[in-house]
Amino acid sequence: MANITCPKCGDQSYFSLAEYKGPFRCKKCRETFNIIIENGEVKSSQPVNQSEVDKLNIRTHEKAESHDGDTPL
Ligand SMILES: [Zn+2]
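Trainee: Looking at this structure, I do not really get the pairing of strand E2 (residues 12–15). What am I missing?
Mentor: Side-chain direction in a regular strand flips from residue to residue, so the side chains alternate between the two faces of the sheet. Bridge analysis of strand E1 (residues 2–5) against E2 gives 4 bridges, and the strand direction is antiparallel. Residue pairing for E2: Ile4 is matched across the bridge by Ser13. Count of turn residues in the E1/E2 antiparallel hairpin: 6 residues, of which Gly10 carries a positive phi of about 80 degrees.

As structure tokens, then:
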């Protein structure tokens with residue numbers, strides 16, 4: 001498990017996977033990053049531009065509690 005600090009806005013998100021490689025979207029600023037988590041630590045986080053985001057099939061890990069009616073993209 002890992003805590004991710006958004007490189008853009010500094011918001012912290014809790015990530016429930018110890019191993020993950022792929023897109024992550026900040027809930028606060030909605031910026032998308034490619035992240036790599038290994039052994040519960042964030043090894044890399046790179047901003048993804050919007051055109052790349054559109055190509056990605058983003059797997060959100062958001063749970064139902066955060067749904068506020070708008071769609072992920
Ligand atoms: Zn952010």
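Trainee: Looking at this structure, how should I read unusual backbone geometry?
Mentor: A negative phi angle is the norm for most residues apart from glycine, just as the trans form is the norm for most peptide bonds. At Arg30, a position not held by glycine, the phi torsion is positive, near 65 degrees. Summarising the element assignment, Arg30 is placed in the loop between strand E3 (20–25) and strand E4 (32–38). Residue classification places Arg30 among the partly exposed residues on the basis of 14 C-beta atoms within 10 Å. Its identity as a non-glycine residue notwithstanding, Asn39 has a phi of 50 degrees, on the positive side. On the secondary structure map, Asn39 appears in the loop between E4 and strand E5 (41–47).

Trainee: Can you walk me through the pairing of E5 in this structure?
Mentor: Along E5, only 0 of the 7 residues are buried, which leaves the element largely exposed. The pairing of E4 with E5 spans 6 bridges and is classified as antiparallel. Across the sheet, Ile37 pairs through a bridge with Val42, a residue of E5. Two successive antiparallel strands, E4 and E5, enclose a turn made up of 2 residues, where Asn39 displays a positive phi of approximately 50 degrees.

Trainee: Where do I start with the nonpolar core in this structure?
Mentor: As a rule of thumb, soluble globular proteins bury nonpolar side chains together. Counting 5 residues, the largest nonpolar core consists of Phe24, Phe33, Ile35, Ile37 and Val48. Of the residues forming this core, the biggest block, 3 residues, is contributed by E4. For Ile35, the contacting residues outside a window of four places in its chain are Ile4, Tyr20, Phe24, Val42, Ser44 and Ser45.

What counts and how
Residues numbered from 1 in each chain as written. Predicted model: local features only at pLDDT ≥ 70, side-chain atom pairs only at ≥ 80, totals over all residues. Pairing = 2+ DSSP bridges. Helix = DSSP H or I, 4+ residues; strand = E, 2+ residues; numbered from the N terminus. Buried ≥ 20, exposed ≤ 12 C-beta atoms within 10 Å, placed from the backbone. Core = buried A, V, L, I, M, F, W, Y, C linked by C-beta atoms within 7 Å. Contact = placed C-beta atoms within 7 Å.

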